[in-house]
Amino acid sequence: MKALWLHVRNSPLRWALPVLVTLDLAVLLLRGRHWIGVWPETGAAGQIPAYLVGVLGAGASAWASAAPTRHGVAEQLSASRVHPALLEGHRLAATAVIMLVPYLLGQLVAGALTVRTNPPGVHLFLGYLAHGVFVTLLCVCLGWAVGKLFGSVLASLVASLGCLVLMGLMDQWTGFIVLTGRPDVAIDPGALLLRFGMIAVLLVTLPWMNGGPRRTLALVPVPAFLGIMVVLFAAPVVVDREPPGDDAVCVAGRTTLCLWPEHEKYLPVLRELGARLDRLPAAFTLPPRINEFGVERVRVVDGQGNEFFDDEQGPPFFYILEGSPWSSAGDIGTAISAETFTFEDRARCAWGGSPTPTTAGCSPSGRGWRPTSSVAVPRTTARTRRPGSSRHGRSAGRSPRTGPSTSSSTGPSRR
């Protein structure tokens, strides 16, 4: 431990700590403050800087890894009394500690801002915190390997760009980058343990790249890197949570609005929204219950035996996106419109009384109907629960046509 602390104190990378800490806090606090008071959102907001600091950490790790070659002391280190792998291990560990300090300080600030309200779900925060540690260590290991292979100042640029490109590709293939902490998902502890296991193997094998013939240097950590790739593809780190059941937080009224317990800070907004719904005219038909996404789910097993959640079979749902009340208000308004105007089958886009439902004019999400020029409109008048005054208002001022009769379309139009 004394040797590790000595390497940390003497590492030139320590002079970059103020810049890295400032950058971490700037990314955390300048993106928005909606995450304060919600533990999963706090953890996700705190680990976002890990992707940026990790890219810089890969370059810094490559620069520190290539220092013996750059200063021409590689032979002296290999002839020292201490085994070269042990020296490399101390230098690698010191680099990892220095790169973790900005990230952990950022998470500490984020947690301090949220802990004041004492919301539930602190275990979700710890999952995102640990995932950010994994991202940082992976970038450090990647940069260290690149620095050993190239052994020049160019290695820093190659490592930073390589880490950035790799994270982008892994995000497209496996969803590597986690940007939000929705309460309906969580970090899988099992997948995270597998990732940390492979990182531990990588940290143990990288110091041995300092010895042996140069042509074999790149082969030492290859199995660990391949293992990490396999784990990333085979075990997704973000998984769906089980519905909260009786722990859901609900607001009663003409319709019951329910939230995840981790989103209890939005209860005042939901109560205000519920009071407005109670003042709607009686002509509007409200669903008995509207949930936040994931609060109530139907488990379905397909023909191949795969088990999954089908959210379309449950009650209507809404989202709370980055604390915006408009995201939930829009979804709730859509649910009330569908209930009032007898929107019966979202999958087939069938409105009440429509004899020939079609999917050609449905929206991609299946939650609304959008008329398009390619959709044949049936010449039948659909039954509707539209209020009588509304029907009278729409027809006021129109004189009856003579000649061939034409009837209105069966679906409502969106403006």
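Residues numbered from 1 in each chain as written. Predicted model: local features only at pLDDT ≥ 70, side-chain atom pairs only at ≥ 80, totals over all residues. Heavy atoms only, no water.

(A) Structural detail: the environment of Tyr-128. With respect to the helices, strands and loops of the structure, Tyr-128 is situated in helix H8 (residues 122-150). A sequence separation of 52 residues divides Tyr-128 from Thr-180, and the C-alpha atoms of the two residues are 9.9 Å apart. (Helix = DSSP H or I, 4+ residues; strand = E, 2+ residues; numbered from the N terminus.)

(B) Structural detail: unusual backbone geometry. For Asn-118, which is not glycine, the phi torsion reads 50 degrees and is therefore positive. Even without being a glycine, Glu-322 presents a positive backbone phi close to 50 degrees. Summarising the element assignment, Glu-322 is placed in the loop between strand E8 (317-318) and helix H13 (325-340). In this structure Glu-322 comes out as exposed when scored by relative accessible area, which is 54%. (Buried < 20%, exposed > 50% of the residue type's maximum accessible area, 1.4 Å probe, protein only.)

(C) Here's a closer look at the side chain of Asp-24. With respect to the helices and strands, Asp-24 occurs in helix H2 (residues 17-30). The charged side chain of Asp-24 is buried without a salt bridge, its nearest counter-charge being Arg-31 at 11 Å. In this structure Asp-24 touches Pro-49, Val-53, Pro-102, Tyr-103 and Gly-106, once residues within four positions along its chain are discounted. (Lys, Arg positive; Asp, Glu negative; His and termini not counted. Salt bridge = Lys/Arg side-chain N within 4 Å of Asp/Glu carboxyl O. Contact = heavy atoms within 4.5 Å.)

(D) Region of interest: the state of the cysteines. Enumeration according to the criterion identifies one disulfide in this entry. Here Cys-250 pairs with Cys-258 through a disulfide, and the sulfurs are 2.1 Å apart. Taking the torsion about the S-S bond as the criterion, the Cys-250 to Cys-258 disulfide, at about 105 degrees, is right-handed. Classification of Cys-250 as partly exposed rests on a relative accessible area of 38%. You can call Cys-258 buried: its relative accessible area is 0%. Of the cysteine sulfurs around Cys-141, a residue in no disulfide, the closest is that of Cys-139, at 9.4 Å. You can call Cys-141 buried: its relative accessible area is 0%. (Disulfide = S-S within 2.5 Å.)

(E) Spotlight on the nonpolar core. Counting 51 residues, the largest nonpolar core has Phe-134, Met-167, Phe-176 and Leu-206 as the members making the most contacts within it. Per-element tally for this core: the top contributor is H8, with 14 residues. Residues contacting Leu-206, with those up to four places away along its chain left out, are Leu-92, Cys-141, Trp-144, Ala-145 and Pro-221. Counting residues in hydrophobic clusters, the runner-up holds 17 residues, among them Val-38, Leu-273, Leu-286 and Phe-318. (Core = buried A, V, L, I, M, F, W, Y, C linked by side-chain atoms within 4.5 Å.)

(F) Broad picture of the confidence of the model for the chain. Put simply, the chain has an average pLDDT of 79, and 76% of its residues get 70 or more. Put simply, helix H14 (residues 388-395) is where the chain has its lowest mean pLDDT, 40, and helix H3 (residues 39-47) is where it has its highest, 95. Low pLDDT (under 50) marks residues 353-415, which in the prediction has 72 contacts with non-local residues, meaning those over four places away or in another chain. (pLDDT = per-residue confidence, 0-100.)

(G) Examining the pattern of salt bridges more closely. This model, assessed by the stated rule, comprises seven salt bridges. In this structure, Asp-184 engages Arg-297 in a salt bridge whose closest nitrogen and oxygen atoms are separated by 3.6 Å. With Asp-184 in the loop between helix H9 (154-174) and strand E1 (185-187) and Arg-297 in the loop between strand E5 (289-292) and strand E6 (298-301), this residue pair connects regions lying 113 residues apart in the sequence. Glu-272 is the partner of Arg-276 in a salt bridge, and the nearest nitrogen-oxygen pair spans 3.3 Å. With a gap of four residues between them, Arg-276 and Glu-272 both fall in helix H12 (residues 267-278), about one helical turn apart.

(H) Looking closely at the packing of helix H4 (residues 49-65) against helix H7 (residues 84-115). One way to put it is that H4 packs onto H7 with a least axis distance of 10 Å and a crossing angle of 155 degrees. In terms of their interaxial angle, H4 and H7 are classed as roughly antiparallel. Here the hand of the crossing between H4 and H7 comes out right-handed. In this structure, H4 uses Ala-50, Val-53, Gly-57, Ala-60, Ser-61, Ala-64 and Ser-65 to contact H7, whose residues at the interface are Arg-91, Thr-95, Met-99 and Tyr-103. Class assignment for the residues of the contact of H4 with H7 results in six nonpolar, four polar and one charged. (Axes fitted to C-alpha atoms, helices over the stretch in contact; angles between N-to-C directions. Parallel < 35°, antiparallel > 145°, perpendicular 65-115°, else oblique. Left-handed = near helix turned anticlockwise from the far one by under 90°. Nonpolar A, V, L, I, M, F, W, Y, C, P; charged D, E, K, R; others polar.)

(I) Representation of the packing of H8 against helix H11 (residues 222-234) in the model. Contact pair H8 / H11: the axes reach a minimum separation of 12 Å and the direction vectors enclose 145 degrees. At the point where H8 passes H11, the crossing takes the left-handed sense. The segment H8 lies against H11, with Phe-134, Leu-138, Cys-141, Leu-142 and Ala-145 engaging Phe-225, Ile-228 and Leu-232. Each residue belonging to the contact of H8 with H11 can be placed in one class, and the counts come to eight nonpolar, no polar and no charged.

(J) How the structure looks around H11. Taking 1.5 Å as the rise per residue, H11 with 13 residues should run 18 Å; its terminal C-alpha atoms sit 18 Å apart, in good agreement. Restricting attention to buried positions, one finds in H11 the residues Ala-224, Phe-225, Gly-227, Ile-228, Val-231 and Leu-232. One side of H11 holds all its buried residues, which, seen down the axis, span an arc of 155 degrees. Those residues of H11 that are exposed and angled more than 90 degrees off the buried face are Pro-223, Leu-226, Val-230 and Ala-234. (Expected span 1.5 Å × (residues − 1). Arc of directions from axis to C-beta.)

(K) Structural detail: the sheet that holds E5. Read across the open sheet, the four strands follow the order E3-E4-E5-E8; overall the sheet is mixed. One side of each edge strand has no neighbouring strand; the edge strands of this open sheet are strand E3 (249-251) and E8. Strands E3, strand E4 (256-259) and E8 of the sheet are contacted by H12, whose axis makes an angle of about 165 degrees with E4. (Pairing = 2+ DSSP bridges.)

(L) Fine view of the environment of Gly-143. Topologically, Gly-143 is positioned in helix H8. Residue class for Gly-143 comes out buried when judged on its relative accessible area of 0%. In this structure the C-alpha to C-alpha distance between Gly-143 and Val-158, which are 15 residues apart in sequence, comes to 8.5 Å. For Gly-143, the contacting residues outside a window of four places in its chain are Ala-58, Ser-61, Ala-62 and Ala-159.

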